[in-house]
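Topology and contacts: notes
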Amino acid sequence: MKQKIDNAKKTNDVDIPNTILDMFAIENPAASVDFIKTEGKKHETTREFPLPFHVESFPTDFVEMHCLLNSMYVKDTELLPYYQIFHELFSLPMKSSDGSILSYEQVISQLKDETLETKVTLGLSGACPDLIDIMIKCRAKDYAKAVEWFNHVLFDMIFDESRIKVLLENYLDSIVELKRDGPMMLESITNRNLYSERSLKKSIDPLYAESILEDVLEDIEKGNFESNILPRLETMRSQLRTHFTKFRILVLGDVSKIVSSGGLYEPWNGLLKNMEKDNAEFGDHKIPPAPRPLHFVSDICSKPSGQVFIITTPASESSFMNVVTKVPFDLDYHHPDYAKVCLASEYLQCVEGPFWKGIRGAGLAYGAYMLKLPEINSWGFSIYRGADIVGCYKAGKEIVTSYAKGKTKFENRLISGALSSIINSLASMEDNYFNAGLMDYVDNELYNRGPHFKDIFLERLGQVSAAQLEEMMSKYLVNIFQPQHSTIFLSCHPSKLESTQEYFENEGFNVNVEELEEDVDDSDYESDDSDVSMK
């Protein structure tokens, strides 16, 4: 039996001949995948119907609607952490049309009858996170009823003191668990340093907002809800809806079925009447550009230089790291180097690629990836569940430097593999009509990349040579591992702090440490990353 098993392993471990692998090379990336097509239509705003309205139509029995509010119109940045309450707008009591009050339980029950899904999130599919997205999904026949819920959210939901208190208590309690999560704490220390208070990425961060929301809860407990807290909540909601013609409405679904259910535009008239009563600004119908993260970054982001920010996570045995440098594409996705540096990054992180073998394969970390952050003029290197974070940094630096100096040559098969990975990623993002419609809207309306961006991008990827990949390594990616051009964010267990801090200080970095207090339960807490074996 043992001999049979050994023979089976030998057969299984035989390398696939290059001649077979070469048969799968992609000669024309732009023609290699047929992306799902939707029919986009942009409504030109008028005095009679001033809503910035966009429809992506395709055959379906369902409708998905997004109302995108621009947080830039919230004048006081100190109100932005209150988003954590706005996030729960669909679970508040509501004033009905006859003047009666529906409890939040009744609201939830009615929502279940008239919609399929509702939520309030940041950004549209991750794009433009300073937009607040109110999303409602429903059956096409329930379109008119679902539209009315936007009216409810913007006008009728009641900021009930007892309900707000419960929501705040639940959120603040959840932060205890978040502090035990290494990846979440890495995201927190990254966002709090890369962005300014004007950005929702920083202002709603759990660690940034914690003390602010604790003060809100304390104010409520002191009996100051109506005098201090309620006016702030109403001010924030009022400022978001007053500039109604400045935000965007996206409808995804089958227009013919929506029209037959009672009309595409007519159900919005109730909301328009409320807006007029609220003295909403209807004068200028021009929609401003979508707020982009690059406009709200900190000096640390715009000028990365020799800083390390470490947060200790007593409940997480593994380490997590982001290393960021500046890549000034200035939101231009048609920059001549954009496709090249994307392919160079994918080459490094693809399956059986340099990071896979040199970091994951060496048992240094569970995952090593490249961070692509063109929306903030940044690029980087990321480690997930590192067992030896310093070893990961050294290995990443050695790998990238070796390619940049031409010591290690690019393999054509790995280049093809990296190209295939990018194509697969693009196709996966648009795996159904709804996601395809969302991405078309992002390309055309939010990022202004144009309707044929994917085809152009893929065509450019297919033209990148090995020499150009080497150029990208030396021009951009080596800067990730040079203290004068980079900033490091890191979460680690307290026991690893001293050695990590000592290494980076010796490398020429200035190290800043934020130590989380060890929770009494942490000694018995098994982190979800503690039992992962390296492969």
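Residues numbered from 1 in each chain as written. Predicted model: local features only at pLDDT ≥ 70, side-chain atom pairs only at ≥ 80, totals over all residues. Heavy atoms only, no water.

1. Quick notes on the confidence of the model for the protein chain
Averaged over every residue, the pLDDT of the protein chain is 91; the share at 70 or more is 91%. The low-confidence segment residues 530-535, where pLDDT is below 50, has 11 contacts with residues more than four positions distant or belonging to other chains. (pLDDT = per-residue confidence, 0-100. Contact = heavy atoms within 4.5 Å.)

2. Concerning the pairing of strand 11 (residues 365-373)
Pairing geometry for strand 11 and strand 12 (residues 378-386), over 8 bridges, is antiparallel. Among the inter-strand pairings, Tyr369 is bridged to a residue of strand 12, identified as Ser382. In sequence, strand 11 turns back onto strand 12 through a hairpin of 4 residues, with Asn377 there showing a positive phi of about 55 degrees. (Pairing = 2+ DSSP bridges. Helix = DSSP H or I, 4+ residues; strand = E, 2+ residues; numbered from the N terminus.)

3. Side note on the pattern of salt bridges
Here the idea is simple: oppositely charged side chains can pair when their charged atoms come close. Per the stated rule, a full pass over the model turns up 23 salt bridges. A salt bridge links Lys202 to Glu197, with the nearest nitrogen and oxygen atoms 3.3 Å apart. Assessed through its relative accessible area of 34%, Glu197 is described here as partly exposed. Beyond isolated ion pairs, a larger network of salt bridges with shared partners links Glu430, Asp440, Asp443, Arg449 and Lys454. (Salt bridge = Lys/Arg side-chain N within 4 Å of Asp/Glu carboxyl O. Buried < 20%, exposed > 50% of the residue type's maximum accessible area, 1.4 Å probe, protein only.)

4. Structural notes on the sheet that holds strand 6 (residues 117-124)
As a general point, the strands of a sheet are linked pairwise by backbone hydrogen bonds and lie either parallel or antiparallel. Read across the sheet, 6 strands follow the order 1-2-8-3-7-6 without closing on themselves; strand pairing throughout is mixed. Of all strands in the sheet, those with a lone pairing partner are strand 1 (39-43) and strand 6, marking the two edges. Each strand of the sheet is rotated relative to its neighbour by a mean of 20 degrees, with strand direction disregarded. Across 9 bridges, strand 3 (residues 62-70) lies against strand 7 (residues 127-139) in antiparallel orientation. Looking at the pairing, Met65 lines up with Ile136 of strand 7. (Axes fitted to C-alpha atoms, helices over the stretch in contact; angles between N-to-C directions.)

5. Observations concerning the sheet that holds strand 13 (residues 486-492)
Within the open sheet, the 6 strands sit side by side as 11-12-10-13-9-14. Their pairing is mixed. Among the strands making up the open sheet, the edge pair consists of strand 11 and strand 14 (510-515). Shown here is a sheet whose adjacent strand axes are inclined to one another by a mean of 15 degrees, direction ignored. Examined bridge by bridge, strand 9 (residues 307-312) and strand 14 share 6 bridges and lie parallel to one another. Following the sheet pairing, Val308 is matched in strand 14 by Val511. Lying over the sheet, helix 14 (residues 338-349) contacts strand 11 and strand 12, oriented at roughly 175 degrees with respect to strand 11. Packed onto the sheet, helix 21 (residues 497-506) meets strand 9, strand 10 (319-326), strand 13 and strand 14 and runs at close to 160 degrees relative to strand 14.

6. Some points on the packing of aromatic side chains
Per the counting criterion, the structure on display carries 30 aromatic pairs. With a centroid separation of 5.6 Å and an interplanar angle of 40 degrees, the aromatic rings of Tyr338 and Phe457 are classed as tilted. Remark: Phe457 occurs in helix 19 (residues 453-461) and Tyr338 occurs in helix 14; sequence separation between them is 119 residues. Taking the centre distance of 5.4 Å and the plane angle of 65 degrees together, the rings of Tyr393 and Phe481 count as edge-to-face. Placement of the pair is Tyr393 in helix 16 (residues 389-404) and Phe481 in the loop between helix 20 (466-475) and strand 13, with a sequence separation of 88 residues. Exposure class is identical for Tyr393 and Phe481. Each is buried. Members of the aromatic cluster, connected to one another through ring pairs, are Phe329, Tyr333, Tyr338, Trp379, Tyr447, Phe453, Phe457 and Tyr476. (Phe/Tyr/Trp six-rings, centres within 6.5 Å; stacked < 30°, edge-to-face > 60°.)

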